[in-house]
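# Working through the structure, step by step
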Amino acid sequence: MDCQDLVELVTAYLEDDMDPDARARFETHLGECSGCATYLEQIEQTVHTLGTLPPEELDPALRDRLLDAFREWR
Amino acid sequence: MTEIDTSYEQRLVDSLRARDESAFAELVDRHTPMMLRVARGYVASAEVAEDVVQETWIAVLQGIDRFEGRSTLRTWLFRILVNIAKKRGVRDRHDSDAELAAFTGSPTVDPGRFLPRTAPEDPHHWATPPTSWPESPEGSVLGAEVLDVASRELEHLPDRQRIVVVLRDVLGYDAAEVSAMLSITAANQRVLLHRGRAHVRQALEDYLGTGA
């Protein structure tokens, strides 16, 4: 496994969705390659950053429409 | 965060069946923004997406007495949404498959950052490896500007990638649930997630000024 292969497998690795041989090759490469170790770390940091984005607000006009629809249904 | 409190969910279902408006309002507040995002991935305009969302909520209310709890309430809700959105959508299934195929094969990291196949040593290894990002005292790369960069890049992603990344990484739903919600295969879900994450990572790297 070379670096260009590894970067395409990072999500499969984090999802624990690789066969054991591929996983072993992935981890062997990681242990020997600081560039790929950093790449994996940055994907994890990216996921973490995305997880801290604030929730979206709902437009009050649409909310009112939906509650009106509820009252009509009820 | 991905754990679903089943007793809590059962209470919500029971309250809806009892025509309790506050339970409905709570569900609407929690899920409608993401429903709009998902609908927008299938239909041509924000207005049509709002119609799809409204139609979905009405279908949920009309169906709640028959809901058997074989999936979670939110999975059921999103499956109804996707079905309605597909019917209303101008981008038919053929187009979305083509969109997926067009993005599946290409590399997610600029090939120029690797040594060429013909390099005498270490072909396909990093020529310009990423360098570690500076960390804040809390041990993360967080900061208001970094969040803005991530948020802006999300908006630039192709629709299907953005939907999967938001459901998985922003909202924290698990892989199986997201595949079920969107009626896509586990493999497609993973491809879309990976491509979306790779785009956002690149945007953060560009902003943080390291690497190529």
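Residues numbered from 1 in each chain as written. Chains lettered and ligands numbered in written order. Predicted model: local features only at pLDDT ≥ 70, side-chain atom pairs only at ≥ 80, totals over all residues.

### Quick word on unusual backbone geometry
Negative phi characterises most residues that are not glycine, and trans characterises most peptide bonds. All names here are of chain B. The criterion, for reference: Numbering of helices and strands runs from the N terminus, with a helix taken as a DSSP run of H or I at least four residues long and a strand as a DSSP run of E at least two residues long. Here exposure depends only on C-beta density: within 10 Å of a residue's C-beta, 20 or more other C-beta atoms make it buried, 12 or fewer make it exposed, and intermediate numbers make it partly exposed, the C-beta atoms being placed from the backbone.
With a phi close to 65 degrees, R19 is a non-glycine residue in the positive phi region. Here R19 shows up in the loop between α1 (6-17) and α2 (21-40). Using a count of 14 C-beta atoms within 10 Å as the deciding quantity, one classes R19 as partly exposed. Its identity is not glycine, yet H124 carries a phi of approximately 65 degrees, on the positive side. Classification of H124 by C-beta neighbours within 10 Å gives partly exposed; the count is 17.

### Here's the deal with the domain arrangement of chain B
Residues and elements named next belong to chain B. Stated formally: Marked domain ranges trace back to an automatic or database domain assignment. With C-beta atoms placed from the backbone, a contact is any residue pair whose C-beta atoms sit within 7 Å. Here the term charged refers only to Asp, Glu, Lys and Arg, the term nonpolar to Ala, Val, Leu, Ile, Met, Phe, Trp, Tyr, Cys and Pro, and the term polar to all other amino acids, Gly among them.
In terms of domains, chain B is made up of domain 1 (6-88) and domain 2 (93-208). Taking the mean C-alpha position of each, domain 1 and domain 2 sit 28 Å from one another. Tallying the contact residues gives 10 residues for domain 1 and 10 residues for domain 2. Counting residues per element, the ones that place at least two in the side of domain 1 that touches domain 2 are α2 and α4 (73-88). Taken together, the residues of the side of domain 1 that touches domain 2 break down into four nonpolar, three polar and three charged.

### Some thoughts on the interface of chain A and chain B
By a widespread convention, an interface's size corresponds to the accessible area lost as its parts come together. Across the contact, 34 residues belong to chain A and 44 residues belong to chain B. Secondary-structure elements contributing two or more residues to the side of chain A that touches chain B are α1 (3-14), α3 (34-50) and α4 (60-73) of chain A. A per-element tally of the side of chain A that touches chain B places α3 of chain A first, with 11 residues. Tallied by class, residues from the side of chain A that touches chain B come to 15 nonpolar, 11 polar and eight charged.

### Re the packing of helix α6 (residues 144-156) of chain B against helix α9 (residues 186-208) of chain B
The geometry of a pair of packed helices is captured by two quantities: the angle between their axes and the separation between those axes. All names here are of chain B. Cut-off, in case you're wondering: Here, axes are lines fitted to C-alpha atoms. For helices the fit covers the stretch in contact, and angles between N-to-C directions go from 0 to 180 degrees. Geometric relationships in this document are graded by angle, where less than 35 degrees denotes roughly parallel, more than 145 denotes roughly antiparallel, 65 to 115 denotes roughly perpendicular, and other angles denote oblique. The crossing is said to be left-handed when, going from far helix to near helix, the turn is anticlockwise and less than a right angle, and right-handed when the turn is clockwise.
Viewed as axis vectors pointing N to C, α6 and α9 meet at an angle of 140 degrees, and their least axial separation amounts to 9 Å. On the basis of their axis angle, the class for α6 and α9 is oblique. The handedness of the crossing between α6 and α9 comes out as right-handed. In this structure, α6 uses V146, V149, A150, E153 and L154 to contact α9, whose residues at the interface are H199, V200, A203, L204 and Y207. Partitioning the contact of α6 with α9 into residue classes produces eight nonpolar, one polar and one charged.

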